[in-house]
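Remarks on the overall topology
This is what each chain is made of:
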Amino acid sequence: MRFLHCGPYRLPLQRPLVMGIVNLTPDSFSGDGLVGDVERAIAHARAQYEAGADLLDLGAESSRPGAIPTPEAEELRRLLPVLEEITTWGRPISVDTYKPAVMRAALAAGATIINDITGMSQPEALAAVANSDCAVCLMHMQGEPDTMQQAPIYGDVVGEVRAFLEAAVNRCRQAGVGDERLLLDPGFGFGKSLEHNMTLFRRLAETTVDDLPLLVGVSRKSMLGALTGRPVDERLPASVVAAVLAANKGARMLRVHDVAATRDGLAVWAAIEQGD
Ligand code: 8Y7
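Predicted model, so just to flag it, every value in this text is computed and none were measured.

Our next topic: the overall build of the protein chain. Of regular secondary structure, the protein chain possesses nine helices and ten strands. Across its three principal axes, the protein chain shows a C-alpha extent of roughly 40 × 40 × 40 Å. Sequence-distant contacts in the protein chain: of pairs separated by 6 or more residues, those separated by 24 or more amount to 67%. Total accessible area on the protein chain is roughly 11,400 Å²; 52% of this is exposed by carbon and sulfur atoms. Side chains of the protein chain carry 26 positive and 35 negative charges; the gap between the two charge centres is 2 Å.

In the neighbourhood of the ligand, 13 residues make up the surrounding shell, with D96, N115, D185, K221 and R255 lying closest. Within the side chain of K221, one N or O atom sits 2.7 Å away from an oxygen atom of the ligand. Between an oxygen atom of the ligand and a side-chain N or O atom of R255, the distance comes to 2.8 Å. Contact with the protein chains hides 93% of the accessible area of the ligand, taken as 410 Å² for the molecule alone. Here the residues of the shell around the ligand sort into six nonpolar, three polar and four charged.

Of the two faces of strand β1 (residues 3-6), only one is covered, namely that formed by L4 and C6; the face formed by F3 and H5 stays uncovered. Pairing of β1 with strand β2 (residues 9-12), which is carried by four bridges, proceeds in the antiparallel orientation. Within the sheet, the bridge partner assigned to L4 lies in β2 and is L11. Connecting β1 to the antiparallel partner β2 that follows it, the hairpin turn spans two residues, and G7 within it adopts a positive phi of roughly 55 degrees.

To continue, consider the sheet that holds strand β7 (residues 135-139). Note: strands within a sheet are paired through backbone hydrogen bonds, in either parallel or antiparallel orientation. Spatial ordering of the open sheet is given by β8-β7-β6-β5-β4-β3-β10-β9, a layout of eight strands whose pairing is parallel. A single partner strand is all that each edge strand has here, and the edge strands are β8 (182-185) and β9 (215-216). Relative to β7, strand β6 (residues 113-116) runs parallel, the two being bridged by four bridges. Within β7, the residue paired with I114 across the bridge is V136.

Rules and cut-offs
- Residues numbered from 1 in each chain as written.
- Predicted model: local features only at pLDDT ≥ 70, side-chain atom pairs only at ≥ 80, totals over all residues.
- Heavy atoms only, no water.
- Helix = DSSP H or I, 4+ residues; strand = E, 2+ residues; numbered from the N terminus.
- Contact = heavy atoms within 4.5 Å.
- Areas by Shrake-Rupley, 256 points an atom, 1.4 Å probe, with all protein chains shown as cover.
- Lys, Arg positive; Asp, Glu negative; His and termini not counted.
- Charge placed at Lys NZ, Arg CZ, Asp CG, Glu CD.
- Near = heavy atom within 4 Å.
- Polar contact = N/O pair within 3.5 Å; in protein donor to acceptor, adjacent residues only side chain to side chain.
- Nonpolar A, V, L, I, M, F, W, Y, C, P; charged D, E, K, R; others polar.
- Buried < 20%, exposed > 50% of the residue type's maximum accessible area, 1.4 Å probe, protein only.
- Pairing = 2+ DSSP bridges.

Nothing here speaks to function; it is all geometry.
Take a look at the structure:
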């Protein structure tokens, strides 16, 4: 059986894992920003586990389209009080950051996965994770959050995303980060039109490299708004359907806001599709 190695934890990869989102940003795209309220964030984290999350993803910098970067000190101020508490719960915690100093602080505080929306593009980021035994999610993004949705352009979106991920995997391997620590993610909505997102989704399995596990994050995203005409707070059914379809296409981890509903969808899918 295959496992994702994240610090002292081993996450089995035979059934799709559910990563529950915990947003610590004031302007969270999905309307669940929890900044300035450590207790509420901790309660939300606990609720995500109780709803059936296998692991959590903590983010303190908004990467929604149009977002401007958060200063490092502010990101740490939002992140560390929550992280220091929830890493004592004995479960793997991912931190969504691309800043090397934030990675180092998060790992020192007990985070065991780094979720980097820039795919370890900074040498210092690579050094930060190579000096630990954390897992790393390498995500593809075209451009940067403040401008990425203005005019995303590709010749062959699947080929270009895969080539980017392959280069990121090679950088990690060269730095000594083994395959058992890697997750890959095509980065839905990150510098992609609806058509790009649909092509990537349809051909999800082609985006991975050497069968490394894929993470998919489509929960409440605007691509679902475009398909349903629904505002962000009415995208739960669309999000669950998309999560289940991603699982059916081979995703090994689903990054979601609505953990319980996603677990229900996956339970039905697994019973029908896999006989359990
Ligand atoms: C993703 C993500 C976001 C994603 C990974 C949102 C931080 C935007 N989306 N990380 N982060 N994959 N790995 O709507 O799709 O949740 S933020």
